Amino acid sequence: LEYTGVKLEVLEWGSDVKELISSTKELEGIKVYMVAATLRPETMYGQTCCFVGPKIDYGIFKVNEKEAYLCTPRAARNMAFQRIFEEEGKFPQLASFQGSALIGTLVNAPLSVHKDGVRILPMETVLATKGTGVVTCVPSDSPDDYATITDLAKKPEYYKIQKEWAELEIVPIIKTPTYGDMAAPFLIKELKIASPKDKDALAKAKELAYKEGFYQGIMLIGEYKDMEVQKAKPLVREKLINEGLAFVYNEPEGKVISRSG
Ligand code: ZZB
């Protein structure tokens, strides 16, 4: 599976990791990026937050003298064998923590309409065995993301977050003939999905949203506005890569464990 690894630069660390980061000498002068694995680079305009699994282990891995990537150790190892790091096969780890420690961290989401950055929030259904373990949130077009932020905004105390972190404005990114200009909220309503734990219905919604978005979708925003999604998708990806905001990340075959098991 070929993902786009989108680089979300850390702008301000959350209170639970701040000290660890500032006391880590090797991180001095190095920019840290959370790397989100996505199959839908054309939706990056609509990012409203970024998810980590609260119980998943993450690390910061040195790419070169200027940059480090934050992702699961498993993903860092894969990257090291794809010549993404300076020395092939090496992925020096500078820090480690659980996802829960990252909650509230502010990151820059490339292309997002939210220019002041978006927050790192918890998502229970993030798989440690897939992608980078970092999932950027596009609630207009991803039913999983919409269900999760709806739940987060309902129970901010329980999740130990500020409510407004889950309530950044959702803007239309893609128009489709069947689901209107926000496929995810439409499908959540249509399939009567009440919680992020509604696994089967969410898998169904995801499949429908993927198909409709890809084959019927028209861009409503950005440089490729009015273009078919099929045509815009590789162009947005190329733009992100050319601007140093993303890179190609391959998931080795046979190691992918699907959400449905
Ligand atoms: C942004 C985005 C916008 C995504 C969208 C989807 C959609 P697939 O097909 O199952 O491989 N993802 C990536 N890594 C993980 C993980 N470790 N655990 C849980 N979810 C993960 O799904 C790939 C998509 O699943 C990725 O693309 C990412 O969310 C999420 F509008 O990135 B996506 C209809 C889907 N729409």
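Conventions adopted
- Residues numbered from 1 in each chain as written.
- Predicted model: local features only at pLDDT ≥ 70, side-chain atom pairs only at ≥ 80, totals over all residues.
- Heavy atoms only, no water.
- Helix = DSSP H or I, 4+ residues; strand = E, 2+ residues; numbered from the N terminus.
- Rg over C-alpha atoms; globule rule 2.2 N^0.38 Å.
- Buried < 20%, exposed > 50% of the residue type's maximum accessible area, 1.4 Å probe, protein only.
- Contact = heavy atoms within 4.5 Å.
- Areas by Shrake-Rupley, 256 points an atom, 1.4 Å probe, with all protein chains shown as cover.
- Expected span 1.5 Å × (residues − 1).
- Core = buried A, V, L, I, M, F, W, Y, C linked by side-chain atoms within 4.5 Å.
- Axes fitted to C-alpha atoms, helices over the stretch in contact; angles between N-to-C directions.
- Parallel < 35°, antiparallel > 145°, perpendicular 65-115°, else oblique.
- Nonpolar A, V, L, I, M, F, W, Y, C, P; charged D, E, K, R; others polar.
- Pairing = 2+ DSSP bridges.
- Salt bridge = Lys/Arg side-chain N within 4 Å of Asp/Glu carboxyl O.
- Polar contact = N/O pair within 3.5 Å; in protein donor to acceptor, adjacent residues only side chain to side chain.

A. Here's a closer look at the overall build of the chain. Each helix and strand in the chain was counted, giving seven helices and 12 strands. Taking 18 Å as the expected radius of gyration for a compact globule of 261 residues, we find that the chain reaches 18 Å, a close match to that expectation. The principal-axis extent of the C-alpha atoms belonging to the chain is close to 50 × 40 × 35 Å. Across the 261 residues of the chain, 52% fall into the buried class. The long-range fraction of contacts in the chain, counting pairs at least 24 apart against all pairs at least 6 apart in sequence, stands at 74%. Accessible surface for the chain amounts to roughly 12,500 Å². Of this, 51% is attributable to carbon and sulfur atoms.

B. Structural detail: helix H3 (residues 143-154). With 12 residues, H3 extends 17 Å between its outermost C-alpha atoms, agreeing within 8% with the 16 Å of an ideal straight helix rising 1.5 Å per residue. Most of H3 sits out of view: nine of its 12 residues are buried. The set of residues buried in H3 consists of Pro143, Asp144, Asp145, Ala147, Thr148, Ile149, Asp151, Leu152 and Ala153.

C. Fine view of the nonpolar core. Membership of the largest hydrophobic core comes to 57 residues, with the highest contact counts inside it found for Met34, Ile60, Phe97 and Leu102. Once you skip the residues sitting within four places of it in the chain, Leu102 turns out to touch Trp13, Val17, Met34, Val52, Tyr58, Leu70, Phe97 and Ile120. Within the second largest apolar cluster, 16 residues are counted, among which are Tyr69, Cys71, Ala75 and Met79.

D. Here's a closer look at the packing of H3 against helix H6 (residues 199-216). In contact at an axis separation of 8 Å, H3 and H6 are set at 130 degrees when each is read in the N-to-C sense. One way to sum up the angle between H3 and H6 is to call them oblique. When H3 is examined against H6, the residues Pro143, Asp144 and Ala147 are found in contact with a partner set consisting of Leu202, Ala205, Lys206 and Ala209. Across the contact of H3 with H6, the residue classes tally to five nonpolar, no polar and two charged.

E. Seen up close, the pairing of strand S1 (residues 2-12). Bridging between S1 and strand S12 (residues 246-250) involves five bridges; their strand directions are antiparallel. Bridge pairing links Tyr3 to Tyr249 in S12. Of the pairings in the sheet, the one linking S1 to strand S2 (residues 31-38) comprises six bridges and is antiparallel in character. Opposite Thr4, over in S2, you have Thr38 as the bridge partner. Bridging between S1 and strand S7 (residues 106-108) involves three bridges; their strand directions are antiparallel. Directly across from Val10, in S7, lies its bridge partner Val107.

F. Quick peek at the pattern of salt bridges. One pass over the structure, following the stated rule, counts 15 salt bridges. In this structure, Glu2 engages Arg237 in a salt bridge whose closest nitrogen and oxygen atoms are separated by 2.8 Å. Of this pair, Glu2 sits in strand S1 while Arg237 is found in helix H7 (residues 229-242), placing the two residues 235 residues apart along the sequence. Classification of Glu2 by relative accessible area gives partly exposed; the value is 44%. Among the ionic pairs, Glu87 bridges to Lys90, the shortest N-O distance being 3.1 Å. When salt bridges with common partners are traced through the structure, they connect Arg40, Glu42 and Lys233 into a single cluster.

G. Broad picture of the side chain of Thr4. Counting through the fold element by element, Thr4 comes out in strand S1. Here Thr4 falls in the buried class, since its relative accessible area comes to 2%. Here Arg237 takes part through its side chain, which lies 2.7 Å from a polar atom of the side chain of Thr4. With sequence-adjacent residues up to four places away left out, Thr4 is seen in contact with Ala36, Ala37, Thr38, Pro41, Arg237, Ala246 and Phe247.

H. View of the pairing of strand S5 (residues 67-71). Among the five residues in S5, five count as buried, and that is most of the element. Inspection of the sheet shows S2 paired to S5 by four bridges, in the parallel sense. Residue pairing in the sheet places Lys31 in a bridge with Glu67 of S5. Taken together, the four bridges between strand S4 (residues 57-62) and S5 define a ladder with antiparallel strand orientation. Across the sheet, residue Lys62 finds its bridge partner in S5, namely Ala68. Where S4 hands over to S5, the hairpin turn is made up of four residues, counted between the paired strands.

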